[in-house]
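Per-entry structural report
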Amino acid sequence: MRKPLKIGPFELALPAIQAGLAGYSDMAMRVTARRRGCPYAVTEALLDRVMLAGGKAREKGLILHDEDHPVAGQLLGSEADEMAAAARLLVEYGFDTVDLNFACPVKKVMGRCRGGYLLSDPAQAKAIMQAVRDAVSVPITMKLRRGLDGSALAAERFEQIFSHATELNFAAVAVHGRTVEQKYTGRADWDFLAGLKQHHPAMTILGSGDVFCAGDAMGMLGKTNLDGVWIARGAIGNPWIFSEFAALLDGKPLPPAPTIFEQRAALLEHFMLAVEIYGEALASRQMRKIGIKYSRLHPEGARVWQDFIAVKNQREWDRVLDVYYSADGPGRPQISVADAADLYNGCQMDAARVPAEV
Ligand SMILES: Cc1cc2nc3c(=O)[nH]c(=O)nc-3n(C[C@H](O)[C@H](O)[C@H](O)COP(=O)(O)O)c2cc1C
């Protein structure tokens, strides 16, 4: 039986949301996924100071679409008053919820006392949580890693911050089952996530880490008893992961992989939505890294990958679609987690994807 996922007033038919993914989870990726069953999505981490400074970087991050609701705006910052002001701005722009990022492991973010750093400073984390709670009336959520590192002190600080979310009536907390120190190495600790839910049964908890296909999402829910799954790398280039997960939850077999024409339609939609955000020239370059992720569902994946990676403009993008996507046929079934490590090499949150400081 499928249990709906509740985030504040939002009752989602599927217990899965699309993750915050710097450099990926823009309006284009969110809407492409929503049209294929994703019920809720999160922006990439938006630096509070960029939001408050105005300008082009801010406007692109804030672009929403009519179909893009409910949507969480995710904030990254170190100062309570700035985070509160940025939260107010997100609400003015139409975001339905505000998500606080206390998870990002990138060195330059940590060095500025933001993201995952805050797991080492519960007093400051709590000050930010309180200030944002007081600033807006929309639901607040939070993204954590399971600690700064594997020490007992880190576990204690995690617990303090997590419990404060309960005290402030946050609508949900997403937890990545790796420590900040681990970055993307090793496996996410799903046992930790299971224990967390046992300890905090009343809080809506989303699990993150190593969900590369619908089967992994099933595995995580089954093993942890969490309320929902935060789908991250597994959604990049695979917006069908949501409907596949829905089918498995309903006790149906895994649907066949999207056909070549279904893939073509998604690629075209994703591209056109990216043009709305970035304009044609930039969208073509941006879509390279998206195209290569879609290529894994194509039977000639390796060749499609090579050609997408070389795209410099829309003409070349159209050519790749003409060569590989103009005859219909079955797609390549989704990969298992065992193959994922290889595929996702190089797909990690790195400094280049974090918004520039102002
Ligand atoms: C390229 C990339 C960008 C990311 N950007 C964000 C982000 O902006 N906000 C966030 O909360 N998490 C971010 N993450 C972390 C993911 O949301 C997720 O927690 C992590 O990848 C673990 O899940 P997975 O192993 O299923 O991918 C990012 C991860 C990657 C790979």
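These notes cover the structure that comes with them. (Residues numbered from 1 in each chain as written. Predicted model: local features only at pLDDT ≥ 70, side-chain atom pairs only at ≥ 80, totals over all residues. Heavy atoms only, no water.)

The subject of this paragraph is the site of the ligand. As a matter of local geometry, the ligand sits amid 23 residues, with A22, Q74, S208, D210 and R233 nearest to it. Within the contact set of the ligand, a nitrogen atom lies 2.7 Å away from a backbone nitrogen or oxygen of A22. At 2.7 Å from an oxygen atom of the ligand is found a side-chain nitrogen or oxygen belonging to R233. Protein contact buries 99% of the 610 Å² of open area that the ligand shows by itself. Its residues assigned to classes, the shell around the ligand comprises 11 nonpolar, seven polar and five charged. (Near = heavy atom within 4 Å. Polar contact = N/O pair within 3.5 Å; in protein donor to acceptor, adjacent residues only side chain to side chain. Areas by Shrake-Rupley, 256 points an atom, 1.4 Å probe, with all protein chains shown as cover. Nonpolar A, V, L, I, M, F, W, Y, C, P; charged D, E, K, R; others polar.)

Considering all chains together, one arrives at 13 salt bridges under this definition. Between R34 and D68 there is a salt bridge; the shortest N-O distance is 2.8 Å. Highlighted residues: R34 in helix α1 (residues 27-34) and D68 in the loop between α3 (56-62) and β5 (71-76), separated in sequence by 34 residues. By relative accessible area, which is 11% here, R34 ends up buried. Take D68: its relative accessible area is 0%, and that puts it in the buried class. A salt bridge links R187 to D210; the shortest N-O distance between them is 3.1 Å. Within this pair, whereas R187 is found in the loop between β8 (172-176) and α8 (190-199), its partner D210 is found in the loop between β9 (205-208) and α9 (214-224), the two being separated by 23 residues in sequence. Of the residues examined, R187 reaches a relative accessible area of 56% and is grouped as exposed. For D210, a relative accessible area of 6% translates into the label buried. (Salt bridge = Lys/Arg side-chain N within 4 Å of Asp/Glu carboxyl O. Helix = DSSP H or I, 4+ residues; strand = E, 2+ residues; numbered from the N terminus. Buried < 20%, exposed > 50% of the residue type's maximum accessible area, 1.4 Å probe, protein only.)

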